[in-house]
Amino acid sequence: MAKHKTHYEDCDVLVVGGGMAGTGATFEARHWGRDLKIICVEKANIDRSGAVAQGLYAINCYMGMQWGENQPEDHVRYARNDLMGMVREDLGYDMARHVDSTVHMFDEWGLPMMKNEKTGRYLREGKWQIMIHGESYKPIVAEAAKKSADKIYNRIMVTHLLMDESQENRIGGAVGFNMRTGDFHVFRAKTVIVAAGGASHIFKPRAVGEGMGRTWYAPWSNGSAYALPIAVGAKMTQMENRIVLCRFKDGYGPVGAYFLHLKTYTQNANGENYEKKWYDQTKELVGEYIDHHPTPTCLRNHAFIQETIAGGGPIHMVTTEAFQDPHLETVGWENFLGMTVGQAVVWASQNIDPKYTNPELTTSEPYVMGSHATCSGAWVSGPEDLSPPEYFWGYNRMLTIDGLFGAGDTVGGSAHKFSSGSFTEGRLAAKAAVKYIEDQKAGGIKVSDKQCEDFKTAVYKPLENYTVGQNEITGGTVSPSYISPIQGLQRLQRIMDEYVGGIATNYMTNGNMLKRGLELLAWLEEDLENVGAEDYHQLMRAWELKHRALTSQCVTEHTMFREETRWPGYYYRGDHMKLDDDNWHCLTVSRRDPNTGKFAMEKVPVYHIVDENEKKKAS
Ligand SMILES: Cc1cc2nc3c(=O)[nH]c(=O)nc-3n(C[C@H](O)[C@H](O)[C@H](O)COP(=O)(O)OP(=O)(O)OC[C@H]3O[C@@H](n4cnc5c(N)ncnc54)[C@H](O)[C@@H]3O)c2cc1C
């Protein structure tokens, strides 16, 4: 290990991941902690990292309170409805009441916002979305973080969190390695904010072979946001609540602007409105939830999936009407150019001009995340003025480990934050982290050299595995002693796909399949001790895989625990096909024991805070 130099850095606030939430956290930490040492560590380069790397065409979460357009309560009702009742309303409300101020800062910082010419307000794409020329969205927010941090470390992948050795259950920092130099980095920190994005590529993607690597969610989102806290025993929530997206086929081009702004609609191969056909069947499964407005996203997926299974596909988006309007035609194309150029390229390669041909849609493989229309992630404390006692333990957005905070995709229970809400949640977490330090909660943290050295040995083991194991290869690239990261990834994806409700089974799973999936995941975990990496890039792939595998275990445990089908269209428990409000109107929470690797599961009440007072008055 001597060949890898070790660098030590001591700081007050350590932000892991410089995406939307991480840049928000870095910026806000400086606002409240003028004299604190603030460090942000990023796997890529914060100028173009995370899910917003390529840019966005809309900010999906803006209340418009200054114009009386929406109130935070409205957003809570919306997210609650979309997630079939299962959200942390304290977290959602807290984000929503602050998100407008974040968007106003983006405007001040030079993000080109589209305006409604008549009203002068931000141009709405839908009730919650406002439209932007967002190709440079990420560099703009990155600049704010760069001006706020003492130092930004790019190209360092954080592999493990450090724990304080003087006080139980308290954070001590994080370690990682530089993917260019190979150096080992130890960050001893009083507080850590994990903002490392969601998890793609844990389920086998539709795009394989020549399209390998193409996914809807960012391919580099590898579940570190979940694996880092899970590994140290932090509690997680709603990890079963994966998301499946309806997207344009092959390019995963987004459909939001098409539905909301261009008013396009879907139909089956015979030109029929297939959603209506599945109304009665869906009502059988979920009861009155199918009558909610807007129809929850999973239930629209459900109709799509059932129609396809019944032979009604391909499903098309009807663009040929809207695209006759030159303005809408331009918007339709620009929507991709600012966000998913690949979709335009796919259409060009398949000779599809949406003005004359209705393009095909598909449902994606599942993803795990906490900021989009789904709410998997860490179980965190809410704000003191809103949260019931079971949801509050001292500091907003603090996980169940003292001094460890989360934001964005990391945080569970609070869906529909999107880019602006994730940045906002980063700000909220940072404010609380600074208060934690000011309250003298971070005194006397001890991180021994041994703890760091042990991690160093573990981090570089894949290089060692390769160096030794390659000598045993007698032909080709297959070694008897190690597996490569891509081999391990494909094995993981097949386990998740075939046993945990991926595309192979039309999102179907059951208790027996999940049990088998867990067995196979345990063996994979064992084999990942022997993953081999030939260079630092492959070393990153090896650690990404390990984080994905741990995240997958947690997802599978949660899916096994919730014995109902709460979100048909995201996944189905064939042995419990109906939504079961009597037994499962609750949040699921897990904790993995770091010593034994065993998960313990519990049910936690879901409190409907918004409208509850009105209901009480009425009764
Ligand atoms: C295709 C797509 C379309 C979207 N469309 C919209 C939209 O139109 N409007 C909207 O408002 N939102 C949209 N979103 C959602 C928005 O992008 C996310 O909600 C937001 O980026 C989440 O913020 P985050 O900070 O949690 O994650 P990210 O922004 O993804 O940031 C995570 C960061 O952590 C880094 N990282 C990961 N692992 C490690 C590690 N181990 N060590 C160090 N660093 C690490 C990553 O490199 C990354 O920079 C879209 C997302 C996607 C993928």
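Please refer to the structure placed before this passage.
These remarks concern the structure in this document. In this text the structure is predicted, and so the values were computed from the model without any measurement.

Scoring rules and cut-offs
Residues numbered from 1 in each chain as written. Predicted model: local features only at pLDDT ≥ 70, side-chain atom pairs only at ≥ 80, totals over all residues. Heavy atoms only, no water. Helix = DSSP H or I, 4+ residues; strand = E, 2+ residues; numbered from the N terminus. Rg over C-alpha atoms; globule rule 2.2 N^0.38 Å. Buried < 20%, exposed > 50% of the residue type's maximum accessible area, 1.4 Å probe, protein only. Contact = heavy atoms within 4.5 Å. Areas by Shrake-Rupley, 256 points an atom, 1.4 Å probe, with all protein chains shown as cover. Lys, Arg positive; Asp, Glu negative; His and termini not counted. Charge placed at Lys NZ, Arg CZ, Asp CG, Glu CD. Near = heavy atom within 4 Å. Polar contact = N/O pair within 3.5 Å; in protein donor to acceptor, adjacent residues only side chain to side chain. Axes fitted to C-alpha atoms, helices over the stretch in contact; angles between N-to-C directions. Parallel < 35°, antiparallel > 145°, perpendicular 65-115°, else oblique. Left-handed = near helix turned anticlockwise from the far one by under 90°. Nonpolar A, V, L, I, M, F, W, Y, C, P; charged D, E, K, R; others polar. Pairing = 2+ DSSP bridges. Patch = residues over 30% accessible without salt bridge, like charges linked within 9 Å, V, L, I, M, F, W, Y side chains within 5 Å. Salt bridge = Lys/Arg side-chain N within 4 Å of Asp/Glu carboxyl O. Expected span 1.5 Å × (residues − 1). Arc of directions from axis to C-beta. Phe/Tyr/Trp six-rings, centres within 6.5 Å; stacked < 30°, edge-to-face > 60°. Lys NZ or Arg CZ within 6 Å of the ring centre and 35° of its normal.

### Re the overall build of the protein chain
Next up, step 1: Of regular secondary structure, the protein chain possesses 18 helices and 19 strands.
Next up, step 2: The globule rule puts the C-alpha radius of gyration for 619 residues at 25 Å, and the 23 Å found for the protein chain is close to it.
Next up, step 3: Within the span of the protein chain, comprising 619 residues, buried residues form 60% of the whole.
Next up, step 4: Sequence-distant contacts in the protein chain: of pairs separated by 6 or more residues, those separated by 24 or more amount to 76%.
Next up, step 5: Only carbon and sulfur atoms are counted for the fraction: they give 50% of the accessible area of the protein chain, which is about 23600 Å².
Next up, step 6: With 66 positive and 78 negative side-chain charges, the protein chain shows a spacing of 2 Å between the two charge centroids.

### Details of the site of the ligand
Next up, step 1: Close to the ligand lie 35 residues, the nearest being Ala-21, Glu-42, Ala-58, Ser-371 and Ser-419.
Next up, step 2: Asn-60 places a main-chain nitrogen or oxygen 3.0 Å from an oxygen atom of the ligand.
Next up, step 3: Between the ligand and Val-158, the relevant distance is 3.0 Å, taken from a nitrogen atom to a main-chain nitrogen or oxygen of the residue.
Next up, step 4: Here the ligand has 990 Å² of accessible area as a free molecule, and 96% of this is covered by the chains.
Next up, step 5: When residues of the shell around the ligand are traced back to their parent elements, those giving at least two are helix H1 (20-32), strand E3 (56-59), strand E6 (156-163) and helix H12 (418-438).

### Quick word on the packing of H1 against H12
Between two packed helices, what matters for the description is the angle formed by their axes and the separation of those axes.
Next up, step 1: It is the contact of H1 with H12, at a shortest axis distance of 7 Å, that shows an interaxial angle of 40 degrees. On the basis of their axis angle, the class for H1 and H12 is oblique. The hand of the H1/H12 crossing is right-handed. Here Met-20, Ala-21, Thr-23, Gly-24, Ala-25, Phe-27, Glu-28, Ala-29 and Trp-32 of H1 lie close against H12, whose contacting residues are Ser-419, Ser-422, Phe-423, Gly-426, Arg-427, Ala-430, Lys-431, Val-434 and Glu-438.
Next up, step 2: Residues belonging to the contact of H1 with H12 are distributed by class as follows: nine nonpolar, five polar and four charged.

### Here's the deal with helix H5 (residues 224-231)
Next up, step 1: With seven of eight residues buried, H5 is to be regarded as a mostly interior element.
Next up, step 2: Within the span of H5, buried status applies to Ser-224, Ala-225, Tyr-226, Ala-227, Leu-228, Pro-229 and Ile-230.
Next up, step 3: One or two steps after H5, the chain reaches Gly-233, where phi turns positive at roughly 90 degrees.

### Topic: unusual backbone geometry
Next up, step 1: Here the amide bond leading from His-293 into Pro-294 is cis, since omega sits at -5 degrees, within 30 degrees of zero.
Next up, step 2: Of note, Pro-294 is situated in the loop between helix H8 (279-286) and helix H9 (297-309).
Next up, step 3: Cis rather than trans, the peptide bond between Gly-313 and Pro-314 has omega equal to -5 degrees.
Next up, step 4: Despite not being glycine, Phe-418 has its phi angle at roughly 55 degrees, a positive value.

### Thoughts on the sheet that holds strand E18 (residues 586-592)
Next up, step 1: The strand order across the open sheet formed by four strands is E14-E9-E18-E19, and the pairing between neighbours is antiparallel. Of all strands in the sheet, those bounded by a partner on one side alone are strand E14 (377-378) and strand E19 (599-605).
Next up, step 2: Sheet topology note: the strand E9 (residues 235-237)/E14 ladder contains two bridges and is antiparallel. In the strand pairing of E14, Met-236 is matched with Ala-378.
Next up, step 3: Strand contacts of helix H16 (residues 536-561): E9, E18 and E19, with the helix running at about 55 degrees to E19, the strand carrying the most contacts.

### Quick notes on a nonpolar patch on the surface
Next up, step 1: Residues Leu-337, Val-341 and Val-345 make up a contiguous nonpolar surface patch of about 240 Å² in total accessible area.
Next up, step 2: Note that Leu-337 resides in helix H10 (residues 326-337).

### Side note on H10
Next up, step 1: Under the 1.5 Å per step criterion, the end-to-end length of H10 is 17 Å for 12 residues, consistent within 8% with the ideal 16 Å.
Next up, step 2: Turning to H10, its buried residues number three or more, namely Leu-328, Glu-329, Val-331, Gly-332, Asn-335 and Phe-336. Around the axis of H10, the buried residues are gathered within 165 degrees of arc, so they sit on the same side. Looking at H10, the residues exposed on the side facing more than 90 degrees away from the buried face are Pro-326, His-327 and Leu-337.
Next up, step 3: On the buried face of H10, the contacting elements are E3, strand E4 (130-134), strand E10 (246-248), helix H6 (256-260) and helix H11 (341-349).
Next up, step 4: Between the side-chain oxygen of the N-cap and the backbone nitrogen of His-327 there are 2.8 Å, and the N-cap of H10 in question is Asp-325.

### Concerning the pairing of E18
Next up, step 1: Among the seven residues in E18, six count as buried, and that is most of the element.
Next up, step 2: Pairing of E9 with E18 involves three bridges; the strand directions are antiparallel. Looking at the pairing, Thr-237 lines up with Val-589 of E18.

### Notes on the packing of helix H14 (residues 485-499) against helix H15 (residues 511-527)
Next up, step 1: Direction vectors running N to C along H14 and H15 enclose 170 degrees, while the axes themselves pass 9 Å from each other. Between H14 and H15, the angle falls in the class roughly antiparallel. Of the residues in H15, those touching H14 at Gly-488, Arg-491, Leu-492, Ile-495, Met-496, Glu-498 and Tyr-499 are Met-513, Leu-514, Arg-516, Gly-517, Leu-520, Leu-521, Trp-523, Leu-524 and Asp-527.
Next up, step 2: Among the residues making up the contact of H14 with H15, the classes are represented as 10 nonpolar, two polar and four charged.

### Here we look at the packing of aromatic side chains
Next up, step 1: Inspection of every chain in the model, using the stated rule, returns 31 aromatic pairs.
Next up, step 2: With centroids separated by 6.0 Å and ring planes inclined at 65 degrees, the aromatic side chains of Trp-109 and Phe-423 adopt a geometry described as edge-to-face. Here Phe-423 lies in helix H12 and Trp-109 lies in the loop between helix H3 (89-108) and E4, a separation of 314 residues in the sequence.
Next up, step 3: Judged by its relative accessible area of 27%, Trp-109 is partly exposed.
Next up, step 4: Overall, the relative accessible area of 0% leaves Phe-423 in the buried class.
Next up, step 5: Ring geometry for Phe-248 against Tyr-258: centres 5.0 Å apart, planes inclined by 70 degrees, an arrangement best described as edge-to-face. Taken together, the residues Phe-248 in strand E10 and Tyr-258 in helix H6 connect sequence positions 10 residues apart. The residues Phe-248 and Tyr-258 share a single accessibility class, namely buried.
Next up, step 6: Put simply, the rings of Phe-248, Tyr-258, Phe-323, Trp-333, Phe-336 and Trp-347 touch in pairs and so form one group of aromatic residues.
Next up, step 7: Positioned over the ring face of Trp-128 is Lys-127, at 5.2 Å from the centre of the ring.
Next up, step 8: Across from the ring centre of Trp-584, 4.1 Å away, lies the NZ or CZ of Lys-603, which sits over that ring.

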